[in-house]
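Residues per chain are reported as follows:
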Amino acid sequence: MKELITQEIGSFRKPEYLARDFHKIEGTPRFKELAEKATRETLEVFERSGLDNVGIGGEMFRWEMYEHPAERIKGIIFYGMVRSFDNRYYRKGSAIDRLERREPFHVDEVNFVARSTDRPLKVPITGPYTMMEWSFNDYYESREDLAMEFARIINEELKDIQRTWDKVSGGRKLEIQIDEPAMTTHPDEMDIVVESINRSVEGIDGEISMHVCYSRDYRLLYDRIPDLKIDGYNLEYSNRDLLERGLSDEKRPGFNDLKYFTEINESLQRRKFIGIGVTDVHIDYVEPVELIEDRINYALKIIKDPEIVRINPDCGLRTRSREIGEQKLRNMVAARNNVLKNL
Amino acid sequence: MLKTLVYGLYPRSEKLRRSYNRWERGMIKTEDLSEIIREEKYAFYEMMERSGIEIYTDPLFNWYDILRPIVLSMENVKLGPLTRYLETNTFYRMPEFYGIPRIFKDLTKFEQLEENPPLPAYQLDGKSLLFLPSPYSLVRMSRLEADLREDVLLRSLVDEYIKIVKAFSGRKLVLFDVFDYGKHNISYLDPLLQSTGVILIARGIPKEQNLKGLKHKFEALVADGVDRDLLNYSDSLGIKAVSAHKTKIEGASIEKKMDDSVDLITHDDYMDFLPREIADIKVEVLGKMGDTA
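Keep in mind that what you see is a predicted model, and the values were worked out from it rather than measured.

1. Focus: the pattern of salt bridges
Then, number 1: Under the defined criterion, the tally for this structure stands at 66 salt bridges over all chains.
Then, number 2: As a salt-bridge pair, Glu14 of chain B and Arg18 of chain B come within 3.0 Å of each other at their nearest N and O atoms. With Glu14 of chain B and Arg18 of chain B both in helix H1 (residues 14–24), this residue pair falls four residues apart, about one helical turn.
Then, number 3: On the basis of relative accessible area, Glu14 of chain B is assigned to the partly exposed category, the value being 36%.
Then, number 4: A single salt-bridge network, built from bridges that share partners, covers Arg98, Glu100, Arg101, Glu149, Arg152, Glu156, Glu157, Asp160 and Arg163 of chain A.

Structure follows, in structure tokens:
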């Protein structure tokens, strides 16, 4: 297996021409034209940066990770905006009836991106627990029931993606990334998390990874790795790390809990890979190559086997400008290359 | 007929939300935002009257969460990290106590602080009540960064709350609790009960051990169920009939599952978790429930 594969997580800032009119033109031929143009341009950025895996071209077909699937599910209705914090709001859907997929979420996107590049792809899809957590439940008896319904729908979507992939893959393996930012929100609901994710990926033949970010305690996730039918985890670490160089535990606080991950991982019959977030997507500061090298080397001191370590940003880079996003990716790839030379 | 109560942080309208965005980007002045808040508040008060809501509090359109303006008005408290409110996807800034808190701002005047929200510019109409998180909830939602005894902190908060009540000429107060009391005793609230009429919105059903020692009664006590023993500590009881966490609209007729001691109905949390359109409909339904009960 290749060592220290570089990958992105999902989203990248949309070009102004697409972002400005996204909602006005969504579903029209004009939208298709602009989303495809933006995807091609973003794939160029990723390829120019030297990424091994170019994801889904920056999610140019999707506005946002919750709204996009929720708008395509019968039984969910949007009444308006709800506060997230301060004066920041999001559209929170209400499950008011039995949920049914109205139309595929990502099949067109997968089809287009797969035909536009010959590099490995990774298809991100919002996970069932996060979909449940971010919705009002006005219909189902329990949160578990609602999560399992989202799991059923996501499984249908993944099967459609798999059918499409078989036609356009050109021999590449199918890689799916389940995005579950809400995963560790309620420690007492980890059983629901595990059951719903496992149900989502039932019968899918490919590499399944999971992305979690900004968790207060990743150990909740690590503890359940043996129960999850997931091949690897792409996680955020740099946001909680320092910007100083160094390889000691004190200098790399963000990455300390990789020790606990390794403890769990080494006890498994089939080890999981871990994608480590080496650049913070919430700051414009472009981490120097040397700092990223230190982060990778620190992780390797703990994990030892570079074949099960992947290198990625903490999260989608949509929060930064395209220029800064590209610089961050370039430094990430340069750091990986330097580390590889010295292995 | 039952009295009806709408309390706490109420969802902002689209217009107000956009105005805040523009204000944050420096596109409109603080005075302009203040005027928009004032208009929105009075439109809210009119809606309460139109819907037949008998008791309502300031909708707190100038607040970002239920703790922040109080925290920003007190010395020895700072704002900490964004923290999840219970099981919601809504976050508040966790207060950090570095000493005994003291109100140091004039709460009746609109003022812009370093941190975004203007202070509680209580543009109250003739009827609206004050709203505050209970000292117990404020402390539980905070972090103590100094060696402070919790009972001392709670008593000092009560002292500061009395000052707030006085600043608003003894207005009545809705005191809101986020957490079940467990074994916690709230008799330290007694001086506050002495200073003004207080409606307590409690979580769970308070027990004797939580209330023992109170010499003055609450004007009303709203809990998650009815226990006639609570009348030893409250003139009347209330129940929660409308959900602030579901968009499904409740039926306007309310089951008469309470006894005669219940004379107040309200919602189970402040309404800010709902889209504005749904909150407005729920207010209308609450008004009708009061009429038909």
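2. Some thoughts on the interface of chain B and chain A
Then, number 1: Between chain B and chain A, the residue contacts involve 27 residues of the former and 22 residues of the latter.
Then, number 2: Summed over both sides, the interface between chain B and chain A buries roughly 2200 Å², with carbon and sulfur atoms accounting for 44% of that surface.
Then, number 3: Summed over the three residues of chain B that lose the most area to chain A, namely Arg17, Glu87 and Asn89 of chain B, the buried surface amounts to 25% of that side.
Then, number 4: At the surface where chain B touches chain A, the tally comes to four salt bridges.
Then, number 5: Asp86 of chain A is paired through a salt bridge with Arg68 of chain B; the nearest N and O atoms lie 2.6 Å apart.
Then, number 6: In this assembly, chain B and chain A are joined by 14 residue pairs in polar contact (both at pLDDT 80 or more).
Then, number 7: Among the elements that take part in the side of chain B that touches chain A, H1 of chain B stands out by supplying five residues, more than any other.
Then, number 8: A breakdown of the residues in the side of chain B that touches chain A according to their chemical character gives 10 nonpolar, six polar and 11 charged.

3. Overview of the sheet that holds strand S1 (residues 5–6) of chain A
Residues and elements named next belong to chain A.
Then, number 1: Within the open sheet, the seven strands sit side by side as S1-S10-S9-S8-S7-S6-S4. Their pairing is parallel. Strand pairing shows two members of the sheet lacking a second neighbour, S1 and strand S4 (123–126), which therefore form its edges.
Then, number 2: By the bridge criterion, four bridges tie strand S8 (residues 232–235) to strand S9 (residues 273–277) in an arrangement that is parallel. Directly across from Leu235, in S9, lies its bridge partner Ile276.
Then, number 3: The sheet strands contacting helix H7 (residues 143–168) are S4 and strand S6 (175–179), and the helix crosses S4 at an angle near 165 degrees.

About the thresholds
Residues numbered from 1 in each chain as written. Chains lettered and ligands numbered in written order. Predicted model: local features only at pLDDT ≥ 70, side-chain atom pairs only at ≥ 80, totals over all residues. Heavy atoms only, no water. Salt bridge = Lys/Arg side-chain N within 4 Å of Asp/Glu carboxyl O. Helix = DSSP H or I, 4+ residues; strand = E, 2+ residues; numbered from the N terminus. Buried < 20%, exposed > 50% of the residue type's maximum accessible area, 1.4 Å probe, protein only. Contact = heavy atoms within 4.5 Å. Buried area = accessible area lost by both parts, 1.4 Å probe. Polar contact = N/O pair within 3.5 Å; in protein donor to acceptor, adjacent residues only side chain to side chain. Nonpolar A, V, L, I, M, F, W, Y, C, P; charged D, E, K, R; others polar. Pairing = 2+ DSSP bridges. Axes fitted to C-alpha atoms, helices over the stretch in contact; angles between N-to-C directions.

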